[in-house]
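Residues per chain are reported as follows:
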Amino acid sequence: MAMEKTFDARDAEARIYEAWDKAGAFKAGANKSRDETFTIMIPPPNVTGALHVGHAFNNTIQDILIRWHRMRGFDTLWQPGQDHAGIATQLMVEKELAKSGKKRTDFTRPEFLEKVWEWKGQYGATIINQLKRLGSTCDWSRNAFTMSGAPGAPAGEEGNFHDAVIKVFVDMYDKGLIYRGKRLVNWDPHFETAISDLEVENVEVAGHMWHFKYPLAGGETYTYVEKDEDGTVTFTEERDYISIATTRPETMLGDGAVAVHPDDARYAPIVGKLCEIPVGPKEHRRLIPIITDDYPDMNFGSGAVKITGAHDFNDYQVAKRGGLPMYRLMDTRGAMRDDGLSYADSALLAAEILAGKPFTETEVDAVNLVPDHLRGLDRFEARKAVVDEINAEGLAVMTRVTRKVKDDEGVESEITETVPYVEDKPIMQPFGDRSKVVIEPMLTDQWYVDAEKIVGPALNAVREGRTKIMPESGEKVYFHWLENIEPWCISRQLWWGHQIPVWYGLDLSAPNFKDDEGDGALDEVELFRLLTQGGMLHLGDVHHCAAEFDGVIAAFEGELADVPTPINHARIVEVDNRQAAIERFAESLAAYNVSQDPTKLVYPVWRDPDVLDTWFSSGLWPIGTLGWPEWDESTSKYFPTDVLVTGQDILFFWVARMMMMQLAVVDEVPFHTIYLHQLVRDEKGKKMSKTTGNVIDPLEIIDEYGADALRFTNASMASIGGVLKLSVDRIKGYRNFGTKIWNAARFAEMNEVFENYDPAVIPTPNATVNKWIIGETAKVLAEVDTAFAEYRFNDGANALYGFVWGKFCDWYVELSKPLFYDGDAATLAETRQTMGWVLDQALTLLHPIMPFITEELWGTVKPGRRLLAISDWPELSLDLVDADADREMNWVIDLIESIRSSRAEVHVPAGLKIPMVQVELDEAGKTAWANNEALIMKLARLDSLTPGPMPKGAITITVGGGTFALPLEGVIDIAEEKARLEKVLGKLSKELGGLRGRLKNPNFVASAPEEVVAEAQENLAAREEEEGKIKAALARLSEIG
RNA sequence: GGGUGUAUAGCUCAGUGGUAGAGCACUUCGUUGACAUCGAAGGGGUCACAAGUUCGAACCUUGUUACGCCCA
């Protein structure tokens, strides 16, 4: 059956993918012929994810590497999987619930998690199916999931990942690498959880900068002086305040100080004095110190900055340096706090702290400096209220503005008035990428990895080259980040995730407790005192970490050892939360009181409700996917893996963390090469975004142009460190490339190549054309191997494009025609053998980039043979390049091009066959002509060649070692031909000038390498020969014209 | 502000010291027995700017300008 004119990707792709699957092509070790492993871990897409162009690019690169290695016989594993994407997944499920008017909190945690698993079962495989459409040959039988094996996971989700995550947490905790602490985090008021920097989008929005007066305490005054660069005084004023600029007035309530730069002379007189926060009830107005710190920018605003340690990252650092208290003002929903002490008590305590009273974090956290009437207000409402109150009190910095007004009759006039100074100013505001609400820096208790302690090995691995980052600039970024690493916040206030394996208990230690009788046992009075004053309800909690509840029992028993009898014998039990623990403990004490039965006494503990950051689990991806900690040789042999292919943007968030964690846990680098690529952008280089409307959907592209076209485009863009600009035109071009090779195969089929060649035999032809294309094949293989080995996929793709289109289709197919149509039986046979073989090589080499069309053709050429995906990559020696054949073919091609070019320029009709005169030709040329006469005549559209002198009025054709003429007297325009030759001569003389200049320079001859000099000399000789011929031709034309 | 890149044909980009390339677009011609998703021919570049190193610089060095990304 004759082949169709084009490849029907839509029809073929699914069929071919299924054939690969059936043949086991995806399985680890498919087509294995050696023991070396080659492993790539897929960067796990979110379980909520849908394929975008970035995934398509990323996975194309991985699949190319995987297919290339698999075909070369490596024990190859492409490990797929997904991460559980805490926030995103929870959001999806909450949205689903919202459809039926339900909220997450309408369910218990286990009930909700069951719904999440249901959702995952229903939609979680979306991106996997999309990756399949791209042709990705992951070993799907090993698909991993970062929540596999978690408590409550349904059938089919039993895996090791949960165990791995928990084990690592516990190990790191035991080694002192994980701790709990109160620090400033990015807080998402919608999801009510801490989020990572990665989940924060900084967007420039229109904002305001308010200017307020903070009056000096006790009505003090100072002389405020401004000077210009030369030190000349430009402004002097007696002030009783310091001017502060802020974009967030509502945070003023929590100010701990006003900071100025130590070099700022304007404020030097008042440093160390107190000023008043100009908001809040008059009777409790708080005083804060004016301190110095390097942070304030003297040239920005007034140069004085209010410091709110609990609600701003910069301020937090200043507050830490200055030992300032940090007062939290908001609750988890971003509303002004309505808990803790009353405002009056809070203000009082704050004043004591200012006066030098020592304070603990817990004490400070109970201080609620939100005035009673603002409590519970949303933060943006509170902002308005604060501004209004300050303005009303006249404590805003004022400015005079002139504006135009129209009176009732429409007459315009100008009025000048004094108004509060408020600048309109674009400000960078952080938004939650999922919730779209403004992120609030918030002081909360979280778990941290002490990254500084585990960063060393990760730095060394890259410094010592055990892991290489490409492009190299990535290494600089990596070093810079790791050298300045911050503690890593790993807790999240979500339900979906690995619950932190830490249990808390009430801190019963009572340093001031007095055992009245000194009998080491508690009586009722003592019990009551312990409960209320002993600290149980006031002090913090104690905690212990283990993989399971059973594992912490002993630790809590130890905790109780020095608590008075009989509590020290209490049974450790687990309850839901702190409140339940208090109640349960009280009940148990009451029961004991009545029964005096110590076995009734319990010490309740509760588990940390928080879960781990998804990145903590993804950090274990390399070993976790391979079954660690329960792995055996069948999977551990794939570790360390080989290459990580991922986006530059997650170098810190994921890559560096994998390095640190794998080194910390199994003491080995997770991969030897990290291939970083950029974000895929639109053709103009803009980020694709739904709002801009420039999103290219890879699935639509696959539908329209086929997966191969998209993959080839990706490969051709993949220069190291290259910018990825995706354009549909380009994709279309590579679809056309597929059609091109399809039709070359079709040509072969029409000439009965398929049934008349032996794929196992490297041809040994006689015809120069055949020898030549075999050499070109060997050359392109070498190019592709080098390119792939160096991760220069664009070079590989371009080499193949040039070979298939520029060499095979443009020349070899054309040149083979005379051999097919007019050749003798032997020529016909060797040409079929050659074409079949070369086509097979081309399909094989193209397969990693364009797997579908090549697989289809592979089966069409020789039906029923082993699938190309699991066939062997060729090994061809460059000895197959026949230098003589090469030289001869280049001469032939050069001649044909010269003739075509000349004909076109003097407007000889394309179809017209014309005679040619051989004016002079050396021996090599004569041989070349004789060997290739038929095809030169055909392709140059000649009808004869006769030796003879240069005819009058002819076009001159010059090639190496010869001159030909096309006698076209009467057909051509002499003047035009002269102009053509002059143009050629012009180009030549420019080149000659350069060459002569160089060769005349004694320094060049002396310093340049010999071969460069020799090349220049050869080049010069050839150009001079040509120049001579052209000049002669011009002279002859002048005789007649 | 810190970090890190980029600047080459109209567009998108290759090009690691020997005198500039590809694809697309453009112009002209062409239904020549694989392919019009095609073929043939052609036009088009002070390699951002300046200085330096070198016999020789798109490439190395320094500075300038513009733009991008990441982090503040």
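- Identification of chain A as Valine--tRNA ligase from Celeribacter baekdonensis is taken from an unreviewed UniProt entry.
- What the UniProt record of chain A gives under Function (unreviewed entry) is the line "Catalyzes the attachment of valine to tRNA(Val). As ValRS can inadvertently accommodate and process structurally similar amino acids such as threonine, to avoid such errors, it has a 'posttransfer' editing activity that hydrolyzes mischarged Thr-tRNA(Val) in a tRNA-dependent manner."

### Side note on the overall build of chain A
Stage number 1. Across its full length, chain A holds 31 helices and 34 strands.
Stage number 2. Here the C-alpha radius of gyration of chain A, 40 Å, is well above what a compact globule of 1041 residues would show, namely 31 Å.
Stage number 3. When the backbone C-alpha atoms are referred to their principal axes, chain A occupies close to 130 × 80 × 70 Å.
Stage number 4. For chain A, with 1041 residues in total, the buried portion stands at 40%.
Stage number 5. Residue pairs in contact within chain A that sit at least 24 positions apart in sequence constitute 78% of those at least 6 positions apart.

### Here's the deal with the pairing of strand S31 (residues 914–921)
Stage number 1. Both S31 and strand S32 (residues 942–947) contribute to a ladder of five bridges, which runs parallel. Each bridged residue has a counterpart across the sheet, and for Met916 the counterpart in S32 is Leu945.
Stage number 2. In this region the chain leaves S31, passes through helix H28 (residues 923–940) and returns to the parallel neighbour S32; the handedness of that crossover is right-handed.
Stage number 3. Looking at chain direction, S31 and strand S34 (residues 962–967) are connected through four bridges and run antiparallel. Along S34, the bridge assignment pairs Val917 with Ala965.

### With respect to the sheet that holds S34
Stage number 1. With mixed pairing, the four strands of this open sheet are ordered in space as S32-S31-S34-S33. Two strands lie at the open edges of the sheet, namely S32 and strand S33 (954–959), each paired on one side alone. Neighbour to neighbour, the strand axes of the sheet diverge by 25 degrees on average, direction disregarded.
Stage number 2. Sitting on the sheet, helix H27 (residues 883–905) is in contact with S33 and S34, with an inclination near 155 degrees to S33.

### Overview of the environment of Glu875
Stage number 1. Mapped onto the elements, Glu875 comes out in the loop between helix H26 (851–861) and H27.
Stage number 2. The class of Glu875 is exposed, set by 8 C-beta atoms lying within 10 Å.
Stage number 3. Between the alpha carbons of Glu875 and Gln579 there is a distance of 71 Å; along the sequence they are 296 residues apart.

### A few points about the protein's contact with RNA strand B
Stage number 1. If you check the shell around RNA strand B, you find 52 residues, and the closest are Gly722, Asn736, Phe747, Asn1003 and Ser1007.
Stage number 2. Those elements giving two or more residues to the surface near RNA strand B turn out to be helix H7 (313–322), helix H12 (473–483), helix H22 (728–750), helix H24 (793–822), H27, helix H29 (974–1000) and helix H30 (1002–1007).
Stage number 3. For the surface near RNA strand B, the element with the most residues is H22, which contributes 11 residues.
Stage number 4. Residue composition of the surface near RNA strand B, grouped by class: 16 nonpolar, 19 polar and 17 charged.

### Overview of the domain arrangement of chain A
Stage number 1. Split into domains, chain A comes out as domain 1 (207–428), domain 2 (508–606), domain 3 (714–881) and domain 4 (973–1041).
Stage number 2. Relative placement of domain 1 and domain 2: their C-alpha centres are 46 Å apart.

### Quick word on the sheet that holds strand S18 (residues 440–449)
Hydrogen bonding along the main chain pairs the strands of a sheet, whether they run parallel or antiparallel.
Stage number 1. Read across the open sheet, the four strands follow the order S6-S5-S18-S20; overall the sheet is antiparallel. Of all the strands in the sheet, the pair left with one neighbour each is strand S6 (193–195) and strand S20 (488–489).

### Considering the packing of helix H23 (residues 768–789) against H24
Stage number 1. Viewed as axis vectors pointing N to C, H23 and H24 meet at an angle of 170 degrees, and their least axial separation amounts to 9 Å. Taken together, H23 and H24 sit at an angle that is classed as roughly antiparallel. Within the contact between the two elements, H23 uses Val769, Ile773, Glu776, Val780, Glu783, Val784, Ala787 and Phe788 and H24 uses Phe793, Asp795, Gly796, Ala799, Leu800, Phe803, Lys807, Phe808, Tyr812, Leu815, Ser816 and Leu819.

### Describing the pairing of S18
Stage number 1. The buried count for S18 comes to seven of 10 residues, which makes it a mostly enclosed element.
Stage number 2. Note: strand S5 (residues 178–188) against S18, 10 bridges, orientation antiparallel. Residue pairing across strands places Gly181 opposite Gln446, the latter belonging to S18.
Stage number 3. Sheet analysis places S18 next to S20, joined by two bridges and oriented antiparallel. Paired with Val449 across the two strands is Trp488, which belongs to S20.

### As for the nonpolar core
Burial of nonpolar side chains together is a common tendency in soluble globular proteins.
Stage number 1. Counting 255 residues, the largest nonpolar core has Val165, Ile242, Val258, Met659, Met660, Leu800 and Ala842 as its most contacted members.
Stage number 2. For this core, the element with the most residues is H24, which contributes 12 residues.
Stage number 3. In this structure, Met660 is in contact with Ala451, Ile454, Val455 and Ala458, ignoring residues within four places of it in sequence.

### Focus: the confidence of the model for chain A
Stage number 1. Of the residues in chain A, 97% reach a pLDDT of 70 or more, and the chain-wide mean stands at 86.
Stage number 2. Of the two predicted TM-score estimates for the complex, the pTM is 0.88 and the ipTM is 0.95.

### Here's the deal with the packing of helix H21 (residues 707–717) against H24
Stage number 1. Interaxial distance between H21 and H24 falls to 6 Å at its minimum, and their mutual angle equals 120 degrees. Relative to H24, H21 is oriented oblique. For the pair formed by H21 and H24, the contact residues are Phe712, Ala715, Ser716 and Met717 on the first element and Phe793, Asn794, Gly796, Ala797 and Asn798 on the second.
Stage number 2. Of the residues contributing to the contact of H21 with H24, the split by class is five nonpolar, four polar and no charged.

The rules behind the values
Residues numbered from 1 in each chain as written. Chains lettered and ligands numbered in written order. Predicted model: local features only at pLDDT ≥ 70, side-chain atom pairs only at ≥ 80, totals over all residues. UniProt positions renumbered as here; feature names shortened; annotations may be inferred. Helix = DSSP H or I, 4+ residues; strand = E, 2+ residues; numbered from the N terminus. Rg over C-alpha atoms; globule rule 2.2 N^0.38 Å. Buried ≥ 20, exposed ≤ 12 C-beta atoms within 10 Å, placed from the backbone. Contact = placed C-beta atoms within 7 Å. Pairing = 2+ DSSP bridges. Right-handed = clockwise from strand over helix to strand, strands pointing away. Axes fitted to C-alpha atoms, helices over the stretch in contact; angles between N-to-C directions. Near = placed C-beta within 6 Å. Nonpolar A, V, L, I, M, F, W, Y, C, P; charged D, E, K, R; others polar. Domains from an automatic or database assignment. Parallel < 35°, antiparallel > 145°, perpendicular 65-115°, else oblique. Core = buried A, V, L, I, M, F, W, Y, C linked by C-beta atoms within 7 Å. pLDDT = per-residue confidence, 0-100.

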